Amino acid sequence: MPELTQFIDAWTIRAVVASRFLARLYRAMGDGRQASNAIQAGAPSEERAQRLGLAPRVAEGQAVFGDEVGEEIEKEIRAWQSLVESQAGISAFHAMVEGCSRGRRGLRGARQAAGKAFHRAVQGYRIAFPEEMAREGISLAIQAATILCMEAFLVDLNGDPALGQELHRNILEALQAAAGLTA
């Protein structure tokens, strides 16, 4: 299986797990708005997981936030970061694939859904925490997704380091702009 496909599957699973955890957390807190943000941010990944039969792997991942010992706030932070990182990586992948495919309709729709999910995850993170804290967490999540996406593309395309640097810069700049992190 190509490296990037493995990352997309892993990001899909992480997005579903984080989205479900956050939805349960916010429902328990009586915050329907944030529960809705979490659900909407994970919806495209939820659909992809169902379509590809990833449910057993999602079930395995459910324990990530539920069985950990720690404060709820720490789990909430990790869940939002995981959701943002996953959706950033998926969004970057779709943007790059659509660029190479000359805008085929099915790919354009997938890119738009991934972009909306990424924006919803960023919005939810910003609502949940003070801006300075959210900005830092979003930035870290975007950096992690950028590195993984770039490395996977290089492995799959047998690319050279110069291409990797250009890919890294392009992905990072695009995701930062999409998240409103550029000056």
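Because the structure is a prediction, the values reported are computed rather than measured. (Residues numbered from 1 in each chain as written. Predicted model: local features only at pLDDT ≥ 70, side-chain atom pairs only at ≥ 80, totals over all residues. Heavy atoms only, no water.)

A.B. asks: Looking at this structure, I do not really get the overall build of the chain. What am I missing?
C.D. replies: Of the regular secondary structure elements, the chain holds 8 helices and 0 strands. Put simply, the chain runs from its N terminus to its C terminus through helices and strands in the order α-α-α-α-α-α-α-α. Looking at the chain as a whole, 44% of its 183 residues are labelled buried. Restricting the contact set of the chain to residue pairs at least 6 apart, pairs at least 24 apart contribute 76%. (Helix = DSSP H or I, 4+ residues; strand = E, 2+ residues; numbered from the N terminus. Buried < 20%, exposed > 50% of the residue type's maximum accessible area, 1.4 Å probe, protein only. Contact = heavy atoms within 4.5 Å.)

A.B. asks: For this particular structure, what's the right way to read the pattern of salt bridges?
C.D. replies: Under the counting rule described, the total for this entry stands at 5 salt bridges. Of the charged contacts, one joins glutamate 46 and arginine 20 as a salt bridge, the two residues approaching to 2.4 Å between their closest N and O atoms. Taken together, the residues span a long stretch of sequence, with glutamate 46 in helix α2 (residues 32–51) and arginine 20 in helix α1 (residues 3–28) at a distance of 26 residues. One salt bridge connects arginine 126 with glutamate 131, and the closest N-O pair in it is separated by 3.2 Å. (Salt bridge = Lys/Arg side-chain N within 4 Å of Asp/Glu carboxyl O.)

A.B. asks: How do you make sense of the environment of arginine 120 when you look at a structure like this?
C.D. replies: By secondary structure assignment, the location of arginine 120 is in helix α6 (residues 105–128). Looking at arginine 120, the relative accessible area reads 26%, which means it is partly exposed. Distance from arginine 120 to leucine 83, taken between C-alpha atoms, is 9.8 Å for residues 37 residues apart in sequence. Those residues within four positions of arginine 120 in sequence are excluded, and the remaining contacts are Asn37, Gln40 and Ala41. Polar contacts involving the side chain of arginine 120 include one to the side chain of glutamine 40, which spans 2.5 Å. (Polar contact = N/O pair within 3.5 Å; in protein donor to acceptor, adjacent residues only side chain to side chain.)

A.B. asks: Quick question: what am I supposed to make of the nonpolar core here?
C.D. replies: In globular proteins that are soluble, nonpolar side chains generally tend to be buried together. Leu22, Ile138 and Ile142 are the most contacted members of the largest nonpolar core, which totals 44 residues. Contributions of two or more residues to this core are made by α1, α2, α5 (72–101), α6, α7 (131–157) and α8 (161–178). The contact partners of leucine 22, leaving out residues within four places of it in the chain, are Ala38, Glu76, Ala79, Trp80 and Leu83. Counting 6 residues, the second-largest nonpolar core is a separate cluster that includes Ile13, Val16, Val17 and Ala49. (Core = buried A, V, L, I, M, F, W, Y, C linked by side-chain atoms within 4.5 Å.)

A.B. asks: What is the right way to read the side chain of serine 19 from this model?
C.D. replies: Relative to the assigned elements, serine 19 resides in helix α1. At 2.6 Å, the side chain of serine 19 forms a polar contact with the backbone oxygen of alanine 38. When residues no more than four places from it in sequence are discounted, the contact partners of serine 19 are Ala38, Ile39, Gly42 and Leu83.

A.B. asks: What is the right way to look at the packing of α1 against α2 in this model?
C.D. replies: Working note: a packed helix pair is described by the angle between its axes plus the distance between those axes. At a minimum axis distance of 8 Å, the contact between α1 and α2 shows a crossing angle of 150°. In terms of orientation, α1 and α2 fall into the roughly antiparallel class. When you trace α1 past α2, the crossing you get is left-handed. The segment α1 lies against α2, with Ile8, Asp9, Thr12, Ala15, Val16, Ser19, Arg20, Leu22, Ala23, Tyr26 and Arg27 engaging Gln34, Ala35, Ala38, Ile39, Gly42, Ser45, Glu46, Arg48 and Ala49. Looking at the contact of α1 with α2 residue by residue, the class counts come to 10 nonpolar, 5 polar and 5 charged. (Axes fitted to C-alpha atoms, helices over the stretch in contact; angles between N-to-C directions. Parallel < 35°, antiparallel > 145°, perpendicular 65-115°, else oblique. Left-handed = near helix turned anticlockwise from the far one by under 90°. Nonpolar A, V, L, I, M, F, W, Y, C, P; charged D, E, K, R; others polar.)

So far we have only geometry, and geometry alone does not tell us how the molecule works.
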